[in-house]
Amino acid sequence: MSPWYVYTVGFIAQILFSGRLLLQWILSEKNKKVLTPSLFWKFSLIASFLLFVYGDLQDDFSIMLGQAITYYIYIRNLQLQGEWDKMKRIFQLFIYIFPAFVVLYNYNNGTLDLQRFFGNESIPIWLVLLGTVAQIIFNLRFLYQWIYSEKKKESLLPLGFWILSLIGASLILIYAIIRKDPVLFTGHIFGSVVYLRNIILSQKSKRQLNEA
């Protein structure tokens, strides 16, 4: 059982992740189409920072990998929305170098301490692989979203993003149940409902455009 402060970091991250989804969901329901407010990306970046720390404290490679995939994509979306340049330079610098700092911190006498992540008896290698695959699928949604947004020259959340979200979240829920991780379970059980609703909204909006 992890110390209380470890779960506190994880739950704050998941509250922010859930908060961004709740905000996006409410705005999308109000406008009858999928919207992406700038607060979505701001909450995402802060939550990703905290969940990266949580993964490190839990010696959980899959969580850290998942956040590493999306961390800079959140920054790019803030740039596309013109919000990144409004932040103080010292904050921008800290956000940029933080992941590298954690990697350097985990070096022990010039060697990365992989035993923490792949030799942990509480997380067998097959479970590490399951969590890693789940996180890759879940977070590739942002790679897809990034490419899509770059083509459109604006920050958007397309249908494919929500489909990948639902598939990835379902796999992470399985991982969380096996791992007995309340932080991952709580965050993704709520998220799955929002992902499903956004899929419905996206398809409805697409049908309305085709009929117009």
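The preceding data block contains the structure.
In short, a report on the structure. (Residues numbered from 1 in each chain as written. Predicted model: local features only at pLDDT ≥ 70, side-chain atom pairs only at ≥ 80, totals over all residues. Heavy atoms only, no water.)

Quick look at the overall build of the protein now. The helix and strand tally for the protein stands at eight helices and two strands. Each helix (α) and strand (β) of the protein, taken in turn from the N terminus, gives the series α-α-α-α-β-β-α-α-α-α. Sequence separation of at least 24 residues holds for 73% of the intrachain contacts in the protein that already meet a minimum separation of 6. Per element, the accessible surface of the protein, about 11,200 Å² overall, is 68% carbon and sulfur. (Helix = DSSP H or I, 4+ residues; strand = E, 2+ residues; numbered from the N terminus. Contact = heavy atoms within 4.5 Å. Areas by Shrake-Rupley, 256 points an atom, 1.4 Å probe, with all protein chains shown as cover.)

Once that is clear, we can look at the environment of Gln 79. Checked against the element boundaries, Gln 79 lands in helix α3 (residues 61-80). Setting aside chain neighbours within four positions, we find Gln 79 in contact with Trp 84 and Tyr 96. Polar side-chain contacts of Gln 79 include one of 3.3 Å to the side chain of Tyr 96. (Polar contact = N/O pair within 3.5 Å; in protein donor to acceptor, adjacent residues only side chain to side chain.)

What follows deals with the packing of helix α1 (residues 4-31) against helix α2 (residues 38-57). The N-to-C vectors of α1 and α2 enclose an angle of 155°; their axes lie 8 Å apart at closest approach. With respect to α2, the axis of α1 lies roughly antiparallel. You can see that α1 and α2 cross each other, and the crossing is left-handed. Here the contact of α1 with α2 is composed, by residue class, of 19 nonpolar, six polar and one charged. (Axes fitted to C-alpha atoms, helices over the stretch in contact; angles between N-to-C directions. Parallel < 35°, antiparallel > 145°, perpendicular 65-115°, else oblique. Left-handed = near helix turned anticlockwise from the far one by under 90°. Nonpolar A, V, L, I, M, F, W, Y, C, P; charged D, E, K, R; others polar.)

Right, let's talk about the environment of Asn 77 for a bit. Mapped onto the secondary structure, Asn 77 falls in helix α3. A C-alpha to C-alpha distance of 8.2 Å links Asn 77 and Ser 149, two positions 72 residues apart in sequence. The contacts of Asn 77, once residues within four sequence positions are left out, are Trp 41, Gln 145, Ser 149 and Ser 155.

Quick look at unusual backbone geometry now. A positive phi angle, near 55°, is found at Asp 59, a position not held by glycine. Structurally, the position occupied by Asp 59 is in the loop between α2 and α3. Non-glycine residue Lys 153 carries a positive phi angle of around 60°. Counting through the fold element by element, Lys 153 comes out in the loop between α6 (125-152) and α7 (159-179). Of the residues examined, Lys 153 reaches a relative accessible area of 64% and is grouped as exposed. (Buried < 20%, exposed > 50% of the residue type's maximum accessible area, 1.4 Å probe, protein only.)

Structural measurements only, silent on function.
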